[in-house]
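Structural description and commentary
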Amino acid sequence: MFGGRLARLAVIACALALAGCAGQQTRDLLAQKVVAAPASAIAGRHEIFVATTRHKSDKAAEVFDGRRSPDTSYAKVDITVPAIHKTGAIERRKARQPADPAKFFVAEAVTAYGGEDAFGAALRKDIASHEGRALVFIHGYNTAFDGAVYRMTQIVHDAGYKGTPVLFTWASGGSTVDYVYDSNSASAARDALEATLRLVAKSGAKRVDIIAHSMGNWVTVEALRQLAISGDRTLGGKLGDVVLASPDIDVDVFKAQMARYGVPEKPFILFLSSDDRALQISSLIAGRRPRLGDYSNAEEIAKLGVVAVDLSKVQTEDRLNHTKFAENPVLIKILGERLAQNGRLATNEEEANERVASLTRGITGTLTSAAEVVITTPINVLRIAVGQ
């Protein structure tokens, strides 16, 4: 008993050490005062639609906190990206720093919607103005509300996404010691995510793409499984790309989920990496059970209808190697290119596989050092050199 407790404490200590300390960051999404900045200092303005199972914060500036709510709340965040922004990075202010749009991501306003009908009406108007395209992003473990908004904004901005961005944010505690709490919060959010996907689909969307990260993959695949059980696994034919980035899912659980979902008409895309330290910690917590995001048998996973993209040799500044999909300039451009396929879905598996390969080959000059991306599909294995 005592030895088990020591082991768990060691895991938590390891997680804290790996997470590091880059200075105290504020969780206030809204600032009391925003510094004036010229238009030339702003690289982009984005409207992020939000569906959340978080509790409304007692602090107006935080907007939503890490507590769970039995009801789904809806909002929209107007946010800017500075011209000094570096692809893959999130320039965010620390506590007591002024909100300067010339230096940081800055939320200018948050609009709250009274309920699903009002949110759906706003979605419908925005989706119609973006040719019927929508992207739903589901964040992972240890993510506060402001961090979820910033990450969605960075993905949309760096990928050059032209559709309607929808952030689904579940009640993460936003702390490295909240792993079990976060896992339960993700599970509790399954129905809400399913309802959100249905809402986006019925709000005029012609194509709904999904990107899930880390523990967000658990709630995402569960919601897709529930859609399949209901007989609507493709959202009426509107489901586009499903990108599973660094999934914190037990491999056996994923196999069981996919057995119920079935082989997708359009292969899911899995970003995995054998050097993902965050998933190595998760594996220890789970009794050394392998996680999908660092699983070594890509061919086994590919048989489930998944294109596995091995990023083990691709580097980013993330010491945990857990956010490569968003922080590496090549990978975020891969996402952007793939999501911009003229609204047309791949008609067969071979075409989908070739798109992944061609997109990677087309942007080989971005990395500063050579690397190899290994893409395993249900029918072949592609080894693609990227970088200089």
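Residues numbered from 1 in each chain as written. Predicted model: local features only at pLDDT ≥ 70, side-chain atom pairs only at ≥ 80, totals over all residues. Heavy atoms only, no water.

Looking at an unreviewed UniProt entry, one finds the protein named Esterase and attributed to Kumtagia ephedrae.

1. Here we look at the overall build of the protein
We count it as follows: By the criteria applied, helices consist of DSSP H or I runs no shorter than four residues and strands consist of E runs no shorter than two, each listed in order from the N terminus. Relative accessible area decides the class of each residue, using a 1.4 Å probe on protein chains only: under 20% of the type maximum gives buried, over 50% gives exposed, and in between gives partly exposed. Contacts are residue-level and defined by heavy atoms, with any inter-residue pair within 4.5 Å sufficient. Exposure was quantified through the Shrake-Rupley algorithm and a 1.4 Å probe, taking into account, for residues, occlusion by the shown protein chains and nothing else.
Across its full length, the protein holds twelve helices and eleven strands. Here the protein holds 388 residues, and 55% of them are scored as buried. Partitioning the intrachain contacts of the protein with sequence separation of at least 6 by distance along the chain shows that 76% fall at a separation of at least 24. For the protein, the accessible area works out to roughly 16500 Å², and carbon and sulfur atoms hold 51% of it.

2. Here we look at the pattern of salt bridges
Counted only if it meets this: Only one rule defines a salt bridge in this text: a Lys or Arg side-chain nitrogen within 4 Å of an Asp or Glu carboxyl oxygen.
A full pass over the atoms with the stated rule returns 16 salt bridges. Here R67 makes a salt bridge to D65, at a shortest N to O gap of 2.8 Å. For R67, a relative accessible area of 35% puts it in the partly exposed group. Between E116 and K202 there is a salt bridge whose closest N-O contact spans 3.8 Å. A residue pair is termed long-range when its members are at least 10 positions apart, and E116 in helix 2 (residues 116-128) and K202 in helix 5 (residues 190-202) qualify at 86 residues. Overall, the relative accessible area of 53% leaves K202 in the exposed class.

3. Some thoughts on the packing of aromatic side chains
Which entries qualify depends on this criterion: Ring pairs shown here join Phe, Tyr and Trp side chains whose ring centres sit within 6.5 Å, with only the six-membered ring taken for Trp; geometry is labelled stacked below 30 degrees between planes, edge-to-face above 60, and tilted in between.
By the definition in use, this model includes seven aromatic pairs. Geometrically, the ring pair formed by Y141 and Y179 is edge-to-face, given 5.2 Å between the ring centres and 70° between the ring planes. Linking Y141 in the loop between strand 4 (133-138) and helix 3 (145-159) with Y179 in helix 4 (residues 179-188), this pair joins segments that are 38 residues apart in sequence. Relative accessible area serves as the criterion here: at 22%, Y141 is assigned to the partly exposed category. For Y179, a relative accessible area of 14% corresponds to the buried category.

4. Remarks on helix 5
This is how it is decided: A helix is expected to span 1.5 Å multiplied by its residue count minus one.
Given a rise of 1.5 Å per residue, 13 residues ought to cover 18 Å, and the 19 Å separating the end C-alpha atoms of helix 5 matches this to within 8%. Among all positions in helix 5, only A192, L193, E194, T196, L197, L199, V200 and A201 are buried. G204, located one to two residues past helix 5, shows a positive phi value of around 95°.

5. Re the nonpolar core
For the record, the criterion: Take the buried residues of types Ala, Val, Leu, Ile, Met, Phe, Trp, Tyr and Cys, join any two whose side-chain atoms come within 4.5 Å, and each joined set is a nonpolar core.
Core analysis: the biggest nonpolar cluster contains 53 residues, and I138, F168, V200 and F254 have the highest contact counts within it. Setting aside residues up to four positions removed in sequence, I138 forms contacts with F168, W170, L193, I210, I211, A212, H213, G216, V219 and T220. Core analysis: the next-biggest nonpolar cluster, separate from the first, contains 32 residues, V63, Y150, F271 and I375 among them.

6. Topic: the pairing of strand 8 (residues 268-272)
Condition: Following DSSP output, two strands are said to pair if at least two bridges run between them. For crossovers, right-handed means that the path from the first strand over the helix to the second runs clockwise, given strands pointing away from the viewer.
Judged by how many residues are buried, strand 8 sits mostly within the fold: five of five residues are covered. Here strand 7 (residues 239-245) runs beside strand 8; their pairing, made up of three bridges, is parallel. In the sheet register, V243 faces strand 8, and the bridge partner there is I269. A crossover connection joins strand 7 to the parallel strand 8 through helix 7 (residues 251-261); in handedness this β-α-β unit is right-handed. As paired elements, strand 8 and strand 9 (residues 306-310) share five bridges and run parallel to each other. Its bridge partner lying in strand 9, L270 is registered against A308.

7. Side note on the confidence of the model for the protein
What counts, and what does not: Confidence of the predictor at the level of single residues is given by pLDDT, which spans 0 to 100.
Per-residue confidence for the protein gives a mean pLDDT of 82, with 72% of residues at or over 70. Across residues 343-347 the pLDDT falls below 50, and counting only partners more than four positions away or on other chains, this stretch makes 15 contacts in the model. For residues 359-368, every residue scores under 50 in pLDDT, and the model assigns this stretch 27 contacts once sequence neighbours within four places are set aside.

8. Quick word on the packing of helix 2 against helix 5
For clarity, the cut-off: Working convention: axes come from line fits to C-alpha atoms, limited for helices to the stretch in contact. Angles between N-to-C directions cover 0 to 180 degrees. The cut-offs work like this: below 35 degrees is roughly parallel, past 145 is roughly antiparallel, 65 to 115 is roughly perpendicular, and the gaps in between are oblique. Note on convention: the crossing is left-handed when the near helix lies turned anticlockwise from the far helix by less than a right angle, right-handed when the turn is clockwise. Under the scheme applied, nonpolar residues are Ala, Val, Leu, Ile, Met, Phe, Trp, Tyr, Cys and Pro; charged residues are Asp, Glu, Lys and Arg; polar residues are all the others, including Gly.
It is the contact of helix 2 with helix 5, at a shortest axis distance of 9 Å, that shows an interaxial angle of 45°. Compared by their axis directions, helix 2 and helix 5 come out oblique. Of the two possible hands of crossing, helix 2 and helix 5 adopt the one that is right-handed. Of the residues in helix 5, those touching helix 2 at E116, F119, G120, L123, R124 and I127 are L199, V200 and K202. Its residues placed into classes, the contact of helix 2 with helix 5 shows five nonpolar, one polar and three charged.

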